[in-house]
Amino acid sequence: MPYTFRRLLAGGCLVAAPLVYVAGLVVDPALRAGDAADGAYGRHPGQVSVSAALLHWSWVLLVPGIIGMIHLVRRRAVLFGHIAGVVALLGVVNFSALMLGDYFYARLEADLGTAEGDRLADAALAAGGAVWGFQVPGFLGLLGVLLLGLALAYDRQVPWWAPPAMVAGMLAAPVYPVGMIAGSLLYLAGAGVIGVRMLRMSDADWAQAPAPSGNVAATV
């Protein structure tokens, strides 16, 4: 039962994360507004609240999935995969925290107007070190996701195209409208194929000890 729960949790979260991510982007009023995006957060604070919450949980859901991916790197590139996994985990946690900024932009724009609200929000994030404290680690985390996925592919656990599709989809999906369509499909396909493979594994395969090679990784 413990193996079943861990496997289903990791695989299910990898399938769910892109769905929640896409839903959060679709609800975001600034993305849908296009050329009229200026001030959209102040005009639609309720939609921003829903969007930010969904995007936050999309990153949170990746955490069990990434832990499951780390668990499966156990025959080849084990050390490399584990380091990439740690970087990936730290990165997605930082992106999750950044979603709080959307609430501040929405409230400040609604109360003070677009220009003054954005100025204060930008100043607050700059003073808080958002770029180097959150954004840069977040993008490094996406690199970690890519490298971890490639380690899994090298370990013959997932197809080679899945990790690049997953990360490319995350980056392209916020570009409305063409990027959102293409990016959403890429993210859903890349993360989905990895998650479904976990869900279809037997508990014996999930718990299988690493082959003796001198690069032995502990299972989780």
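Structure report, in brief.

The rules behind these values
- Residues numbered from 1 in each chain as written.
- Predicted model: local features only at pLDDT ≥ 70, side-chain atom pairs only at ≥ 80, totals over all residues.
- Heavy atoms only, no water.
- Helix = DSSP H or I, 4+ residues; strand = E, 2+ residues; numbered from the N terminus.
- Rg over C-alpha atoms; globule rule 2.2 N^0.38 Å.
- Buried < 20%, exposed > 50% of the residue type's maximum accessible area, 1.4 Å probe, protein only.
- Lys, Arg positive; Asp, Glu negative; His and termini not counted.
- Salt bridge = Lys/Arg side-chain N within 4 Å of Asp/Glu carboxyl O.
- Contact = heavy atoms within 4.5 Å.
- Expected span 1.5 Å × (residues − 1).
- Bend = angle between axes of the 7 residues up to and from the residue.
- Phe/Tyr/Trp six-rings, centres within 6.5 Å; stacked < 30°, edge-to-face > 60°.
- Lys NZ or Arg CZ within 6 Å of the ring centre and 35° of its normal.
- Polar contact = N/O pair within 3.5 Å; in protein donor to acceptor, adjacent residues only side chain to side chain.

**Description of the overall build of the protein**
Scanning the protein from terminus to terminus reveals 11 helices and zero strands. For the protein, the succession of helices and strands along the chain, N to C, is α-α-α-α-α-α-α-α-α-α-α. A compact globule built from 220 residues would reach a C-alpha radius of gyration of about 17 Å, and the protein, at 19 Å, matches this within 12%. Dimensions of the protein along its principal axes, counting C-alpha atoms only, are 65 × 30 × 30 Å. The buried share of the protein, reckoned over its 220 residues, is 43%.

**Here we look at the side chain of D118**
With respect to the helices and strands, D118 occurs in helix α7 (residues 114–127). For the buried D118, no salt bridge is present, and the opposite-charge side chain at shortest range is R43, 9.6 Å distant. Non-local contacts of D118, meaning those with residues more than four positions away in its chain, are made with D38, Y105, E109 and G113.

**Let's talk about the pattern of salt bridges**
Tallied over the full model, the rule gives four salt bridges. Residue D111 is joined to R107 by a salt bridge in which the shortest nitrogen-to-oxygen separation is 3.1 Å. Here D111 and its partner R107 are both found in helix α6 (residues 100–112), four residues apart, which amounts to about one turn of the helix. Owing to a relative accessible area of 52%, D111 belongs among the exposed residues under this scheme. Classification of R107 by relative accessible area gives partly exposed; the value is 46%.

**Some details on the environment of A173**
Tracing the chain through its elements places A173 in the loop between α9 (162–172) and α10 (178–200). The sequence separation of A173 and V26 amounts to 147 residues, and the corresponding C-alpha distance is 9.7 Å. Beyond its immediate sequence surroundings of up to four residues, A173 is in contact with Y21, L25, G179, M180, G183 and S184.

**Observations regarding helix α1 (residues 2–27)**
In this model, α1 (26 residues) spans 36 Å end to end at C-alpha, consistent with the 38 Å of a helix rising 1.5 Å per residue. Along α1, the sharpest change in direction is near 25° and occurs at A16; proline P18 comes one to four residues later. Of the positions making up α1, those classed as buried are R7, A10, G11, C13, L14, A17, P18, V20, Y21, V22, G24 and L25.

**What about the packing of aromatic side chains?**
In total, this model carries four aromatic pairs according to the counting rule given. With 5.6 Å between their ring centres and 70° between their planes, Y21 and W59 make a pair best called edge-to-face. Taken together, the residues span a long stretch of sequence, with Y21 in helix α1 and W59 in helix α4 (residues 45–72) at a distance of 38 residues. Each member of the pair, Y21 as well as W59, is classed as buried. Judged by centre distance (5.0 Å) and plane angle (35°), the ring pair of W59 and F95 falls under tilted. Taken as a pair, W59 in helix α4 and F95 in helix α5 (residues 78–98) lie far apart in primary sequence, 36 residues in all. Each member of the pair, W59 together with F95, is buried. By way of ring pairs, the aromatic residues Y21, W59, F95, F139 and Y187 are connected into one cluster. Above the ring of Y154, the side-chain terminus of R76 is found at 5.3 Å from the ring centroid.

**Some words on the side chain of E109**
Here E109 is to be found in helix α6. Within the local environment of E109, its side chain forms a polar contact with the backbone nitrogen of G42, the two atoms lying 2.8 Å apart. Apart from residues no more than four positions distant in its own chain, E109 is found in contact with G39, A40, Y41, G42, T114, G117 and D118.

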